[in-house]
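Report on the structure
Residue-level listing of the chains:
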Amino acid sequence: MSGTFVTLVAAEIERPSIDWHAIAPELILLGGGALVTVIDLIWLERVRKLIPTLTSLVFLVALIPVITLWADGSGLPRGLWIIDENVPATGVWEGAFVVDNYSLVLKGLFLLSAYVIVLLSTNYMSEGDYYDSEYYQLIAASVLGMLVMSSSRDLISIFVALELVSIPAYLMAAWRKRDLKSNEAGLKYMLMGVFASAILLYGMSLLYGIAGSTLLSDIAAAIDIGESRPVITLGIVFTIIGFGFKVSAVPFHTWAPDTYEGAPTPLTAFLAVASKAAGFVALINVVIVALPTQANVVEPFIWVLAAITMTVGNLIALRQTNLVRMLAYSGVAQAGYMLAPLAVYDGISDRATSAVVTYLVIYAAMNLGAFAVVIIAARKTRSAELSSYGGMFNYAPGLTLAMTIFLFSLAGIPPVGGWWAKFEVFRVLTEGNRTSGIALAVIAAVNSVIAAFYYLNIAKQMWFLPSPDGDNSRIAIPPALLAAVGLTVAATIVSGVLPGVVSDMTDFVNVAAGQ
Amino acid sequence: MFLNQFLFLSAVLFCIGVYGVLTRKNGVLVLMSIELILNAVNINMVAFGAFNADLGGQVFALFIIAVAAAEVGVGLAIVLLIYRNRRSIDITEADLMKG
Amino acid sequence: MFAAAAFPILPALIITPLITVAVLMLIPANRNSELKLAALVGTTITGMMSIWMLYAFEIADDGFQFAVNRVWLEELGLSWNLGVDGISLFLVVLTGILFPIAITATEPHHDPKQYYIWLTLLMSGSMGVFIALDLLLFFLFFEIVLVPMYFLIGGWGHGNRIHAALKFFLYTMAGSALMLVGIVSVAFLSQDATGGLTFDVVQLAEAQALSQTAQRLVFGSFALAFAVKVPLFPLHTWLPDAHTEAPTAGSVILAGVMLKLGTYGYLRFGIYLFPQAAHDLAWIFLTLGVIGIVYGAAVATMQRDLKRLVAYSSVAHLGFIALGMFVLNTQGIQGAVFQMVNHGISTGALFILVGWVYERRHTREIAALGGLQKSAPIMAGVFTLVMLSSIGLPGLNGFVGEFLILLGGFQGARWWTVIAVTGVILAALYLLWAYQRVFHGTPTEENASMPDLRLSEGLAILPLLVLIVFLGVYPKPMLERIEPAVERLVVHVEANVDGFEEPGPEQLPAEPATADDLTHTLEEAEAEAEAKEEAESLGGEG
């Protein structure tokens, strides 16, 4: 607990020195985003073509301190302030911001995903005649929220980060102003998102009330009372429901398919990958750091969420005829697999975290890739209907092969990445040899078969069926999109064939609590 | 301290807000119902803060007020967009996509 | 050992087809003959290497030979752990022989490049399944082989090919998804006994750390995956569709190699890892196997489509193999391994012949054929030989396998075997009847003008014919290589199942046992085992 109001005023406030290196990624992104805005404001139309390049450069530059922090791993975990023996550690923000291996892996993931999203957006935005520079500034803002999120160990910073992720996304979902579907996408996403935040906040307020501190580690200490109290349970349940909306867990997923279908497709990729990952990061932070002693409340709740999320997501995905919608529901189902390790985190929270992060990393590669192919195909077919993919092998064999790799990866078929992600989840579920974990593993296994059905359905269209209108002219793939597909294919294959590359990064993940 | 009264008030506000979100068809009214929930949260935060003699609750409440303003700003912009294109802000009419 | 230790032959078996794939990718798509040549050369080299292994194989050694063990992921105990023993040796050789033959014997109708790429990939995966000694590696290959087969059936099949491909894929995946849960579970449950997480089959089998219930559940998850693949009744429904709609080469590989993944899985990963559970639940597999024999034969008799008939005969043959394996004695298992190879040879050859008939006449309807003997006497002769091998005529390879299985069966599972014998008679019935309808009689105009076998076709199928006769007349070289490994497996089962002794002639009950008696003894053994376990756990607590 921090000092009271009175003591704060009375004490002579000494300014502690800031650990600039630790917050360099966020600062670079903030400064870069502002710079892009200013450049856009000054030169307007003349620099419009440069904005996407500039934004992607900002992401890559922000990646540099992430890498140096990782390489200089000795000092981790580091906080916002440089700990000085002479300066007493006071202040409300102490421990709210922590840079450790876990957050660095996620920051890298967010920045690289954002880079790929910019590659996906460039042609879509400039050819669609939308406001493009503002779009990239909003993406930068949203990614900034994600970076902060991965370091947040405090209710306030989690909340602010979550909103920073979401609010720009509401705007971008409604980006195609004249398109009714896009309007609807933005409206549904915004209403559900704001509602979810409100529920989440109510849960947080109860947790804060019990603990008297917003710091996650303080909450953990305060609720470690060896029994469950209704108000704690209520706070936990509301909090998890709030995150459930963000990660589109059933039954809080209703916004996802409509928003995904209506929003601009690059943004859909952003929501399905980066924004969802941010939701999971928040969930992990709260569950692992603040609620390690409340497994008896958290586990059953998440167990049920995970089981119905994967099952319902897959069953509805089976019926879809629109590929983007199908990917949306498949994303819902994948969220179920990602929730699964958190249903058995008691005592093995490191392993559970590592499994979720591994899944997030691999899922990002394969899902971004799938969306890249959807965007490329739509340049020719002007449609995301499943039937429009017929005969794709005849006119775009390379693209078909890439999509097949992504689909098999999503279905979890080796040797491409997805199997490793699934394996990690199964490993955590069976590790404790608990009936609940093994039952969930069996449910997940059955689900992966259902999922294979609709993934193969797409592959079938592309490989075996003729194109619907007999048009077999080739697709011109712009370099940015080609790069996006190339990067994601490489990542998907490498993570499956050499899973050590991923596990080296995610295996010693443990979420450091703020001090 | 009168913590219970504050909590009771906020619980009532919360329930009214949730009820409003689930039943109202008008986009603006849904946003207002959400504001009610946020106010319930703010009351909780301030009350708990005072009860625990901790500043964090008030700080949190200030953040919520600021962020909620941004949310409502964006929200109203989107509702306005819908109104321009459809001449209606009935959210049940926004049903182009199903399945 | 000879040079075997120096040259990593097993990785080469997986990598050579992969190199071939790379070569194929570099050849332009319209160079049909070059593509075929490249695929043929690549698979033949692989086949030659597998045949060389026959020569280098130490007959008396009952362990794993040519072993290679490279760490892949240290913290998981995951490794490239490869090895071959008498059980897998001939399946590897079978894979090595069937692929070049399937490539020579048939031509794709379109997109040859893709077709050969998928086939060679399939070869790499199939080899991997048979030589992997790491559970997870095995699982990877087990899944990987689905993909090329899916594309082969869906892309180059007939009629309802896409549906058949999907059905094939989903059935197999449904089985193997649970197997992954089983694999991870067994590794974790044995963690203490093996001193760290490992997926090494040998270590896991030696540890035997699972409780009875856990062992049964995990065995069940494995058994389901293999039962789909074998396929055992009632999970066989994908097989007739897949076989019928697949292109000829696909059917040959499917029947010859991929069905063996299931039966091989039972031996290597079912019985070896979970002897107790396999022993306790053997009656299920004996029963399903016998049902498969009778049902497959009965349905085959009624088929109007020649290829479907051969497909159903596979169900019956695989039933025999299941019977042989789950008798759990040396003759039975040895016969089962022998029969796996036989089935690959004779059914593979049958599918090739049916494929040739189809290419010439564009129909497989038995009713539309007839009198082919007049127009194609050589083909009729070849068909007769292969068919007789499939029936199990003494002097040909099919007889040796079936005889060993029945011999073992009479010692361990008498009444099941009695019913199984009817399957032999039914096999003669449906195959001879089909032969009669297709090759005898007066040919219609179209059938009379059907060209006979070309020389190239004759040469392509010749190796299979030679093998049919050779293995029938002189099975010793093969049996003596299979035997040590099988004996080791049986000893392993004896050592790990309380009160189990290999069923053999010396302990036949004086009076003929009834089926009730047998189940009774099984139940007794089970009850004993349970009682003992209880006593042990009580002792542990005390």
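These numbers come from a predicted model, not from an experiment.

What to know about the overall build of chain A
For chain A, the count of helices and strands is 20 helices and 0 strands. Relative to its length of 515 residues, chain A is compact, with a C-alpha radius of gyration of 22 Å against a globular reference of 24 Å. On the principal axes, the C-alpha backbone points of chain A span a range of 80 × 60 × 40 Å. Contacts in chain A between residues far apart in sequence, at least 24 positions, make up 81% of those at least 6 positions apart.

Side note on the packing of helix α11 (residues 265-290) of chain A against helix α14 (residues 349-381) of chain A
Residues and elements named next belong to chain A. Direction vectors running N to C along α11 and α14 enclose 175°, while the axes themselves pass 8 Å from each other. With respect to α14, the axis of α11 lies roughly antiparallel. Residue-level contacts link Thr-265, Pro-266, Thr-268, Ala-269, Ala-272, Val-273, Ala-277, Phe-280, Ile-284 and Ile-288 of α11 to Ser-349, Thr-353, Val-356, Leu-360, Ala-364, Asn-367, Leu-368, Phe-371, Val-374, Ile-375 and Ala-378 of α14. Its residues assigned to classes, the contact of α11 with α14 shows 16 nonpolar, 5 polar and no charged.

With respect to the pairing of strand β2 (residues 78-84) of chain C
Residue and element names in this part refer to chain C. Summarising burial for β2: 5 of the 7 residues are buried, a large majority. The sheet contact formed by strand β1 (residues 65-73) and β2 spans 6 bridges and is antiparallel. Counted as the bridge partner of Gln-65 is Val-84 from β2.

Focus on the interface of chain B and chain A
At the junction of the two partners, chain B supplies 36 residues and chain A supplies 41 residues. Elements supplying a minimum of two residues to the side of chain B that touches chain A: α1 (3-23), α2 (27-52) and α3 (56-86) of chain B. Top element by residues in the side of chain B that touches chain A is α3(B). It accounts for 15 residues. When its residues are assigned to classes, the side of chain B that touches chain A shows 26 nonpolar, 8 polar and 2 charged.

Quick notes on the domain arrangement of chain A
All names here are of chain A. Partitioning chain A into domains gives domain 1 (1-19 + 82-94) and domain 2 (20-78 + 95-506). One C-alpha centre belongs to domain 1, the other to domain 2, and the line joining them spans 36 Å. Broken down by class, the residue content of the side of domain 1 that touches domain 2 amounts to 3 nonpolar, no polar and 2 charged.

Observations concerning the packing of helix α1 (residues 9-26) of chain C against helix α4 (residues 112-131) of chain C
All names here are of chain C. Where α1 meets α4, the axes come as close as 9 Å, and the angle between the chain directions of the two elements is 170°. For the element pair α1 / α4, the angle class is roughly antiparallel. Of the residues in α4, those touching α1 at Leu-10, Leu-13, Ile-14, Pro-17, Leu-18, Thr-20, Val-21, Leu-24 and Met-25 are Lys-113, Tyr-116, Ile-117, Thr-120, Leu-121, Met-123, Ser-124, Met-127, Gly-128 and Ile-131. Of the residues assigned to the contact of α1 with α4, the class counts are 14 nonpolar, 4 polar and 1 charged.

Notes on helix α22 (residues 455-473) of chain C
Residues and elements named next belong to chain C. Between the first and last C-alpha of α22 there are 26 Å, a value that for 19 residues agrees with the 27 Å anticipated at 1.5 Å per step. At Leu-462, α22 is deflected by roughly 40°, the largest bend along its length, and proline Pro-463 occurs up to four residues later in sequence. What α22 keeps buried is the set Glu-457, Ala-460, Ile-461, Leu-464, Leu-467, Ile-468, Leu-471 and Gly-472. Of the surrounding elements, those touching the buried residues of α22 are α3 (86-105), α16 (330-361), α18 (377-391), α19 (397-412) and α23 (476-496).

Considering the interface of chain C and chain A
Size of an interface: often given as the accessible area lost when the parts come together. If you look at the interface, chain C gives 23 residues, while chain A gives 27 residues. Where the side of chain C that touches chain A is concerned, the elements lending two or more residues are α5 (135-144), α6 (146-156) and α7 (161-189) of chain C. By residue number, the principal contributor to the side of chain C that touches chain A is α7(C), which donates 14 residues. In terms of residue class, the side of chain C that touches chain A is made up of 18 nonpolar, 3 polar and 2 charged.

Details of α6(C)
Here α6(C) lies mainly inside the structure; 11 of its 11 residues are buried. Among the residues making up α6(C), those that are buried are C:Leu146, C:Val147, C:Pro148, C:Met149, C:Tyr150, C:Phe151, C:Leu152, C:Ile153, C:Gly154, C:Gly155 and C:Trp156.

Focus on the arrangement of the chains
Here 2 pairs of chains are in contact, and chains A and B lead that list by number of contacts. At the level of C-alpha atoms, the two units chain B and chain C stay apart, their nearest approach being 24 Å.

What to know about the nonpolar core
One finds A:Leu120, A:Leu360, A:Val373, C:Leu119 and C:Leu353 to be the most contacted residues of the largest nonpolar core, which totals 440 residues. Counting residues per element, this core draws most heavily on α14(A), at 21 residues. Residues within four places of C:Leu353 in sequence aside, it is in contact with C:Met379, C:Val382, C:Phe383 and C:Val386.

So, the confidence of the model for chain C
Residues and elements named next belong to chain C. On average, chain C scores 83 in pLDDT, and the residues at 70 or more come to 91%. No element of chain C has a lower mean pLDDT than helix α24 (residues 515-541), at 52, and none a higher one than helix α14 (residues 282-301), at 90. Low pLDDT, under 50, characterises residues 507-515; the stretch is placed with 7 contacts to residues that sit more than four places away or in other chains. In this model, residues 538-542 is a region of pLDDT below 50 whose contacts with residues beyond four sequence positions or in other chains number 0 contacts.

About the criteria used
Residues numbered from 1 in each chain as written. Chains lettered and ligands numbered in written order. Predicted model: local features only at pLDDT ≥ 70, side-chain atom pairs only at ≥ 80, totals over all residues. Helix = DSSP H or I, 4+ residues; strand = E, 2+ residues; numbered from the N terminus. Rg over C-alpha atoms; globule rule 2.2 N^0.38 Å. Contact = placed C-beta atoms within 7 Å. Axes fitted to C-alpha atoms, helices over the stretch in contact; angles between N-to-C directions. Parallel < 35°, antiparallel > 145°, perpendicular 65-115°, else oblique. Nonpolar A, V, L, I, M, F, W, Y, C, P; charged D, E, K, R; others polar. Buried ≥ 20, exposed ≤ 12 C-beta atoms within 10 Å, placed from the backbone. Pairing = 2+ DSSP bridges. Domains from an automatic or database assignment. Expected span 1.5 Å × (residues − 1). Bend = angle between axes of the 7 residues up to and from the residue. Core = buried A, V, L, I, M, F, W, Y, C linked by C-beta atoms within 7 Å. pLDDT = per-residue confidence, 0-100.

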